[in-house]
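Below are the chains, spelled out letter by letter.
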Amino acid sequence: MKASKERSAIILAAGFGLRMVPINMDGPKALLSVNGEVLIERLIKQLKEAEIVNITIVVGYMKEKLAYLEDKYSVNLIENTDYSNSNNLYSLILASKYISNSFIVPSDIWCKENPFITDNQESYYIIYDVQNSTEKEFWGAMTGIAFIADRDAEKLRFSLETVAKHDDGKKAFWEASLYENQKLWLQTKTVPLDSVTQINTFEDLRKIDEQSRHLQSEAIDMICEVLSAQINEITEITALKKGMTNRSFLFSCKDEKYIMRIPGEGTDLLINREQEASVYKSLKDTGVCDDIVYINHKNGYKITKFIPNARTCDPNNILDLKKCMAKLRDFHNLELQVEHEFNVFEQINFYESLFKVNDFKSIYNDYDEIKEKIFSLSTYIERHIQKRVLSHIDAVPDNFLIFNEEKEEIRLIDWEYAGMQDPHIDIAMFGIYSLYDKEQIDKLIDIYFDNNCSKEIRLKIYCYVATCGLLWSNWCEYKRSLGVDFGEYAHRQYQYARDFTDIIDDSLQ
């Protein structure tokens, strides 16, 4: 029996689809081609086949590429403008007023048979037929498809808002709202494992459609060329945590594991890739950085060997700090040279010019006053620079990889901003990224200098804390102008500029 015409559907299609790297760069995941059909169009057709015509789609990432669906299928589009900072629970809240005898459907699934043709009048959630599953396995058995009867619509709306009020509410999946006392408050309906395919990764797409045109990728082609491999030899592709500027993924090829970096949106304005390549050339055979297999000095694509069992530095672990500051000091003592410098004051002006395009102004009322104070510090800094060498600039805890704990091997990664500078700037960068207070920054300085830092050099590092705080605050303001908000991190960087200019003023009096 077909579903009633009074039924409706909400399709959630706002997210980045980050796990699809390297093939999610050109459009929303909902537009992937699978077996000759566009994912979201197949879903819409299946809904209409079940006589469901009232369809709402929540869009966000590259929303303009989904706009054609309004005219082609007479659907209603709602925009999630905060898609970069939220998960699909927030998307469903935006469409919650439309919940009434509604199917809730993710846009990244391929349904073998039409799951919407049913006479079931009660609310239910569709899960895979997994016997005796644990709670963790149960979450993995969830298809993402649910039907919410009108009598339960208000309950779901209330639950969505309740979950959203939690600290991590924006990051939650909408299914979190279906739990009451750690149990689902609606019934489940099981389906065979092959009836609904979730397409979250490159590997998922390849399994269901080896001929999909979306499997073609510049990144994959580059891997094949660099490693002299066939596409079927590139396996186990797994997206890594999205960085502030880049996207990276882990993959296997010929029994070896590698990481490929794909530069993020707008990085062509921020990073000189030829300079980055020259830095890696200078670092070759020093044992300081990770093992670079390939770097493209034009587009920034990079392949490195994967370091197994590696972890990043814990900025709250004193043993880690001692290890990493020793590594940083040893690197500085190599006194490596490149032809370009990182001029922090020029970069402050550069980032400011980017976010002030189209009259986009700083969110801080005292910006001009703070900037003037920061630039006045240049005289003191110059007077106390002892040497200029290749410096990392972005020497933050996340960029120290610790592995082989017995031998205490450490590698510094991500050298995009590196250039000639006073090496003591790296100490300040580590501290402000770690969101240290003054006492913690002083402790960091003591560790690096083995309790032998002069008052003048300590004050110079304070100057770098203030200066680099403004630098990264401007970087965050530029990113904010593009719609990417770094929240507390951004505000804390500006606060370093404010607080440490005051500390320096007091110290110089």
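Residues numbered from 1 in each chain as written. Predicted model: local features only at pLDDT ≥ 70, side-chain atom pairs only at ≥ 80, totals over all residues. Heavy atoms only, no water.

(A) Main features of the overall build of the protein chain. Each helix and strand in the protein chain was counted, giving 17 helices and 23 strands. For the protein chain, the spread of C-alpha atoms along the three principal axes comes to 85 × 55 × 45 Å. Counting all 509 residues of the protein chain, 54% fall into the buried class. Accessible area for the protein chain stands at about 24,300 Å²; split by element, carbon and sulfur atoms hold 45% of it. Side chains of the protein chain carry 60 positive and 82 negative charges; the gap between the two charge centres is 1 Å. (Helix = DSSP H or I, 4+ residues; strand = E, 2+ residues; numbered from the N terminus. Buried < 20%, exposed > 50% of the residue type's maximum accessible area, 1.4 Å probe, protein only. Areas by Shrake-Rupley, 256 points an atom, 1.4 Å probe, with all protein chains shown as cover. Lys, Arg positive; Asp, Glu negative; His and termini not counted. Charge placed at Lys NZ, Arg CZ, Asp CG, Glu CD.)

(B) Representation of the confidence of the model for the protein chain within the structure. Chain-level pLDDT for the protein chain is 89 on average; 93% of the residues reach the 70-or-more range. Contacts from residues 1-5, a stretch scored under 50 in pLDDT, to residues over four places away or in other chains number 13 contacts. (pLDDT = per-residue confidence, 0-100. Contact = heavy atoms within 4.5 Å.)

(C) A look at the pairing of strand S21 (residues 400-403). The alternating pattern of S21 places Phe400 and Ile402 on one face and Leu401 and Phe403 on the opposite face, and all of these are buried. Alignment of S21 against strand S22 (residues 409-412), held across four bridges, turns out to be antiparallel. Its bridge partner being in S22, isoleucine 402 is matched across the sheet by isoleucine 410. (Pairing = 2+ DSSP bridges.)

(D) Main features of the sheet that holds strand S5 (residues 76-79). If you walk across this open sheet you meet the seven strands as S5-S4-S1-S6-S9-S8-S12, and the pairing is mixed. The open sheet has two free edges, formed respectively by S5 and strand S12 (187-191), since each of these has just one partner strand. The sheet shows a mean angle of 25° between the axes of neighbouring strands, taken without regard to direction. Examined bridge by bridge, strand S8 (residues 124-128) and strand S9 (residues 142-148) share three bridges and lie antiparallel to one another. The partner of tyrosine 125 across the bridge, within S9, is alanine 146. (Axes fitted to C-alpha atoms, helices over the stretch in contact; angles between N-to-C directions.)

(E) Structural context of helix H9 (residues 273-283). Residues of H9 that are buried include every one of Arg273, Glu276, Ala277, Val279, Tyr280, Ser282 and Leu283, and no others. The N-cap of H9, judged by a side-chain oxygen 3.1 Å from the amide nitrogen of glutamate 274 a few residues on, is asparagine 272. Note on H9: the residue one or two positions beyond its end, aspartate 285, has a positive phi of about 70°. (Polar contact = N/O pair within 3.5 Å; in protein donor to acceptor, adjacent residues only side chain to side chain.)

(F) Broad picture of the nonpolar core. Among the nonpolar cores identified, the biggest contains 80 residues, and Leu283, Ile374, Phe400, Trp415 and Trp472 are the most heavily contacted of them. A per-element tally of this core places helix H16 (residues 455-481) first, with 15 residues. Among residues more than four places away in sequence, those in contact with leucine 283 are Val288, Cys289, Phe331, Leu336, Leu390 and Trp415. If you look at the next biggest cluster of nonpolar residues, it comprises 33 residues, including Ala13, Leu77, Ile109 and Phe116. (Core = buried A, V, L, I, M, F, W, Y, C linked by side-chain atoms within 4.5 Å.)

(G) Fine view of the packing of helix H14 (residues 425-433) against H16. Look at H14 against H16: their axes get within 8 Å of each other, and the N-to-C directions meet at 60°. Relative to H16, the element H14 lies oblique. Judged by the twist between their axes, the crossing of H14 over H16 is right-handed. Every residue of H16 that contacts H14 at Ile425, Ile427, Ala428, Met429 and Ile432 is listed here: Ile461, Tyr464, Val465, Cys468, Gly469, Leu471 and Trp472. Looking at side-chain class alone, the contact of H14 with H16 contains eleven nonpolar, one polar and no charged residues. (Parallel < 35°, antiparallel > 145°, perpendicular 65-115°, else oblique. Left-handed = near helix turned anticlockwise from the far one by under 90°. Nonpolar A, V, L, I, M, F, W, Y, C, P; charged D, E, K, R; others polar.)

(H) Up close: the packing of aromatic side chains. Scanning the entire structure with this criterion turns up 22 aromatic pairs. Measuring from centroid to centroid gives 5.7 Å for phenylalanine 350 and tyrosine 351, while their planes differ by 45°, and the two rings are tilted. A centroid spacing of 6.3 Å and a plane angle of 55° characterise the contact between phenylalanine 430 and tyrosine 436, whose relative ring orientation is tilted. In terms of burial, phenylalanine 430 and tyrosine 436 fall into one category: buried. (Phe/Tyr/Trp six-rings, centres within 6.5 Å; stacked < 30°, edge-to-face > 60°.)

(I) Summary view of the sheet that holds strand S17 (residues 292-295). Here five strands make up an open sheet; going across it, the order is S14-S15-S16-S18-S17 and the pairing antiparallel. Looking along the sheet, the strands with just one partner apiece sit at the ends: strand S14 (234-239) and S17. Between one strand axis and the next, the sheet turns by 20° as a mean value, whatever way the strands run. Note: strand S16 (residues 256-263) against strand S18 (residues 302-305), four bridges, orientation antiparallel. Bridging across to S18, isoleucine 259 finds its partner in threonine 304. Relative to the sheet, H9 contacts strand S15 (246-253), S16, S17 and S18, its axis offset from that of S17 by approximately 155°.

(J) Representation of unusual backbone geometry in the model. Backbone geometry places serine 74, a non-glycine residue, at a positive phi of 55°. Relative to the assigned elements, serine 74 resides in the loop between helix H2 (68-73) and S5. You can call serine 74 exposed: its relative accessible area is 57%. In this model, asparagine 101 sits at a positive phi of 50°, which is unusual for a non-glycine residue.

(K) Geometry of the pattern of salt bridges. One pass over the full model with this rule turns up 29 salt bridges. Between glutamate 37 and arginine 42 there is a salt bridge whose closest N-O contact spans 2.6 Å. A salt bridge links lysine 72 to glutamate 41; the nearest nitrogen and oxygen atoms lie 3.1 Å apart. Placement of the pair is lysine 72 in helix H2 and glutamate 41 in helix H1 (residues 39-49), with a sequence separation of 31 residues. (Salt bridge = Lys/Arg side-chain N within 4 Å of Asp/Glu carboxyl O.)

(L) Quick peek at H1. By the criterion of burial, H1 is predominantly enclosed, with eight of the eleven residues buried. A positive phi of about 65° marks glutamate 51, the residue just after H1.

(M) Region of interest: the side chain of arginine 7. Considering the arrangement of structural elements, one finds arginine 7 in the segment before strand S1 (8-13). Within the buried set, arginine 7 has no salt-bridge partner at all; the shortest N-O distance to an opposite charge, 6.8 Å, is to aspartate 119. Within polar-contact distance, the side chain of arginine 7 engages the backbone oxygen of asparagine 120 at 2.4 Å.

(N) Molecular detail of the state of the cysteines. Throughout the structure, instances matching the rule amount to zero disulfides. Here cysteine 453 is not cross-linked by a disulfide; its sulfur's nearest cysteine counterpart is in cysteine 463, at 12 Å. Counting only cysteine sulfurs, cysteine 468 is the nearest neighbor of cysteine 463, a cysteine outside any disulfide, at a range of 11 Å. (Disulfide = S-S within 2.5 Å.)

(O) Region of the structure containing the environment of tyrosine 433. Relative to the helices and strands, tyrosine 433 is located in helix H14. Spatially, the C-alpha atom of tyrosine 433 lies 9.0 Å from that of alanine 395, the residues being 38 residues apart in sequence. Only 3.0 Å separates the side chain of tyrosine 433 from the side chain of aspartate 398, close enough to count as a polar contact.

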